[in-house]
Amino acid sequence: APNRLPIKQTAKIIHSDALKFDWSGTFDSGEIFFVIGNPPFHGTKERSEEDSAGLKLAWGDNYTGNLDYVTGWHAKAVGFLAGKTNSRFAFVTTNSVTQGRAVRELFEPIFEAGWRIRFAYRSLIWTSEASGQAGVHVVIVGFDKELSKAQIFVSSTKKQKPIPIQANRINGYLLDYKDVYAESRTAPLGVGMNLVTTGSSPLDWGQFGLDQETYERVSQDPIVSKYIRKFMQGRDLIHDTYTWILWLKEITESDLRASSFIRERVEKIRELRKSVSRPQTIEAGNSPTLFGEDRQPTSDFLAFPQTFSENREFLTVARLPKEIIIGQKIYYADDPDGFQFSVASSSMMMAWQLTVGGKLKSDPSFSNTLVWNTFPLPDNDHLRLEIIQHGKDIILAREAEGDKNLASLYNPLLMPKSLRKAHNNLDKCLDELFGLSNEAPLWDRQICL
């Protein structure tokens, strides 16, 4: 072993709040610094007031309140390393910083300060050896101001060791491409794409809902039974399940007066809504028979689950009848001819979802404003009927499998051959529309988009 005694060179350890501490006054003068670390991750819902104060101090005028707490270290590093051209910094961060609207808010000021991404590990599970610790989904991104080739580390499976891919320029989505950002839109950019809207929010603290025991009891009541409907959220859509709710939008005054069960539920909703501080909820207390936010479609519709498994190769969308009430974990669109279903069911749409959309841990999270409305679907008049027909073939392939739910049909290991063939035919059509060769891999589709 080397002779370390007497110790002549020691580490300098400072115990302080890194976001509030002045880094520049701590270190000896020099031109080259390496800033590295695994700072804490706290989203907007997990942050304390002290965390938010530190984050605001670190970002200064660029503070938006939307970024994760971990990004405060990026802001501090950029400020500390200003003018130190040969320096580098790298952090392990939550993968959310490379998703959704966080991409522009984090990476644009870093790139404008002259930094570029030297290397990036795309989303992976960061495990801990501590007992009972769950894996965290992270990215590892390193920055410098050099002009050498960059590297993106990718893995096709959770167990595969990430392999490096040479890149000319790595953008905030961790793709080898120029710096572009998807901005939320209120209307679809793509040609022929309809508006997508989120489902309704009851604001009822469970008072509209009926558990199985209650349903079996009150469904025999001639008055109550008239107002019972099936209710679905995103998981229900995927697994073909539902719960029961009271849908009182058209309840008559005489029925409300005659049913003590409904009247008690409605009175409870009124009390609960009036007891909160949110003005909109208090106002909704004046209409306790109605959902607090009613966006129920008035005709049969195409339904999108808000969140779905990371193992899915396609968005698990399906048509639903207007009689099924949907909650805010389902998005919907009018789709009279099936064109929206075909676009949503394509690998091109999944590539776009994985590129610009957010995630819940590692599960893709659909968004109407950021994913659907920004999808750059080209002019498609010459292929529209063909695209619609491929969508119909997908539905026929599903129906041929009997009562299998979407979770079963779209298990990548068990997907029926006829269904996969129908999707492949749709993908060839969409790839042609976007100018890609047949059977283009996901990576090529992302770069194309």
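Bear in mind that the values here come from a model prediction, so they are computed numbers and not experimental data.

Turning our eyes to something else, we now look at the sheet that holds strand E5 (residues 150-154). If you walk across this open sheet you meet the six strands as E1-E2-E4-E3-E5-E6, and the pairing is mixed. The outermost strands of the open sheet, each flanked by one partner alone, are strand E1 (34-37) and strand E6 (163-167). Within the sheet, the average angular offset between the axes of one strand and its neighbour, ignoring direction, is 15 degrees. Where strand E2 (residues 88-94) meets strand E4 (residues 136-144), six bridges bridge the pair, whose relative direction is antiparallel. Of the residues in E4, the one forming a bridge with Val92 is Ile140.

As defined by bridge partners, strand E9 (residues 228-232) adjoins strand E10 (residues 243-246) across four bridges and the pair is classed as antiparallel. Looking at the pairing, Lys230 lines up with Trp244 of E10. Where E9 lies against strand E13 (residues 325-326), two bridges are found, and the strand directions are parallel. Within E13, the position partnered with Phe231 by the bridge is Ile325.

Attention now goes to the sheet that holds strand E7 (residues 197-198). Taken together, four strands build an open sheet; the order of strands is E7-E14-E11-E12 and the sheet is antiparallel. In this open sheet, the two strands that pair with only one neighbour each are E7 and strand E12 (318-320). Strand direction decides the pairing type here: E7 and strand E14 (residues 330-333), joined by two bridges, are antiparallel. The residue bridging Thr198 from the neighbouring strand is Tyr331, located in E14.

Turning our attention to helix H14 (residues 417-434). Over its 18 residues, H14 extends 25 Å from the first C-alpha to the last, a length consistent with the 26 Å expected when each residue adds 1.5 Å. For H14, the set of buried residues is Leu419, Ala422, His423, Leu426, Asp427, Cys429, Leu430, Asp431, Leu433 and Phe434. Downstream of H14 by one or two residues, Gly435 has phi in the positive range, about 85 degrees.

In this section: the packing of helix H12 (residues 384-399) against H14. The relative placement of two packed helices comes down to the angle between their axes together with the axis-to-axis distance. Closest axis-to-axis distance for the H12/H14 pair is 8 Å, and the angle between their directions is 165 degrees. Classed by the angle they form, the pair H12 and H14 counts as roughly antiparallel. The handedness of the crossing between H12 and H14 is left-handed. Packed against H12, whose contacting residues are Glu386, Ile387, His390, Asp393, Ile394, Ala397 and Arg398, the element H14 presents Ser418, Leu419, Ala422, His423, Asn425, Leu426, Cys429, Leu430 and Leu433 at the interface. The residue inventory of the contact of H12 with H14, partitioned by class, reads nine nonpolar, four polar and three charged.

What follows is about the nonpolar core. Grouped together as the largest cluster of nonpolar side chains are 96 residues, with contacts concentrated most on Phe89, Ile117, Phe143, Phe304, Trp372, Phe375 and Leu377. In this structure, Phe304 is in contact with Val196, Leu237, Leu315, Val317, Lys329, Ile330, Tyr331, Tyr332, Ala333, Ala344, Phe366 and Trp372, ignoring residues within four places of it in sequence. Tyr215, Leu246, Trp247 and Phe291 belong to the second largest nonpolar core, which has 21 residues in total.

Turning to the packing of aromatic side chains, a few remarks are in order. Applying the stated criterion across every chain yields a total of 22 aromatic pairs. Ring geometry for Tyr215 versus Trp244: centroids 4.2 Å apart, planes at 0 degrees, classification stacked. Of this pair, Tyr215 sits in helix H4 (residues 212-218) while Trp244 sits in strand E10, placing them 29 residues apart in sequence. By the ring-pair criterion, three or more aromatic residues cluster together here, those being Phe89, Phe91, Phe107, Phe111, Trp115 and Phe143. The positively charged end of Lys145 is found above the aromatic ring belonging to Trp115, 4.7 Å away from the centroid. Directly above the ring of Phe111 sits Arg169, whose terminal nitrogen or CZ lies 4.8 Å from the centroid.

Along strand E11 (residues 301-305), five of the five residues are buried, which leaves the element largely enclosed by surrounding structure. Burial along E11 is two-sided: the face carrying Phe301, Ala303 and Pro305 and the face carrying Leu302 and Phe304 are both buried. With three bridges joining them, E11 and E12 adopt antiparallel strand pairing. Within E12, the position partnered with Leu302 by the bridge is Arg319. For E11 and E14, the ladder comprises four bridges, and the chain directions are antiparallel. Along E14, the bridge assignment pairs Ala303 with Tyr332.

Throughout the structure, instances matching the rule amount to 17 salt bridges. Where Lys249 meets Asp294, a salt bridge forms, and the shortest distance between an N and an O atom there is 2.7 Å. Of this pair, Lys249 sits in the loop between E10 and helix H6 (253-258) while Asp294 sits in the loop between helix H8 (279-284) and E11, and the two are 45 residues apart along the sequence. The class of Asp294 is partly exposed, set by a relative accessible area of 32%. Residues Glu253 and Arg257 are paired through a salt bridge, measuring 3.5 Å at the closest nitrogen-oxygen approach. Taken as a pair, Glu253 and Arg257 lie in helix H6 at a separation of four residues, close to a single helical turn. Residue classification places Glu253 among the exposed residues on the basis of a relative accessible area of 63%. Accessibility expressed as a relative area gives 55% for Arg257, which makes it exposed.

Conventions used here
- Throughout this description, residue numbers start from 1 for each chain and increase along the sequence as written.
- Restriction of local features to residues with pLDDT of at least 70 applies here, the model being predicted, together with a cutoff of 80 or more for giving and counting side-chain atom pairs; totals for whole chains, interfaces and linings are based on all residues.
- To get the side-chain values, take all heavy atoms of the structure and skip hydrogens and water.
- Should DSSP find at least two bridges between two strands, the strands are taken to pair.
- Numbering goes from the N terminus for both helices and strands, where a helix is a DSSP run of H or I of at least four residues and a strand is a run of E of at least two.
- Every axis corresponds to a line fitted to the C-alpha atoms, with the helix fit spanning only the stretch in contact, and the corresponding angles, defined between N-to-C directions, vary from 0 to 180 degrees.
- One less than the residue count of a helix, multiplied by 1.5 Å, gives the span that helix is expected to have.
- Using a 1.4 Å probe on the protein chains alone, a residue whose accessible area is under 20% of its type maximum counts as buried, one over 50% counts as exposed, and one in between counts as partly exposed.
- With respect to orientation, any angle under 35 degrees is reported as roughly parallel, any angle over 145 as roughly antiparallel, any angle of 65 to 115 as roughly perpendicular, and every other angle as oblique.
- With the far helix as reference, a near helix turned anticlockwise by less than a right angle produces a left-handed crossing, and one turned clockwise produces a right-handed crossing.
- We call two residues contacting when some pair of their heavy atoms lies within 4.5 Å.
- Gly is placed with the polar residues, together with every amino acid not listed as nonpolar (Ala, Val, Leu, Ile, Met, Phe, Trp, Tyr, Cys and Pro) or charged (Asp, Glu, Lys and Arg).
- Buried Ala, Val, Leu, Ile, Met, Phe, Trp, Tyr and Cys residues form a nonpolar core when they are joined through side-chain atoms within 4.5 Å.
- Working definition: a ring pair exists when centres of Phe, Tyr or Trp rings (six-membered ring for Trp) sit within 6.5 Å. Plane angles under 30 degrees give stacked, over 60 give edge-to-face, the rest tilted.
- Lysine NZ or arginine CZ positioned within 6 Å of the ring centre and within 35 degrees of the ring normal marks a charge as sitting over the ring.
- Any Lys or Arg side-chain nitrogen found within 4 Å of a carboxyl oxygen on Asp or Glu counts as a salt bridge.

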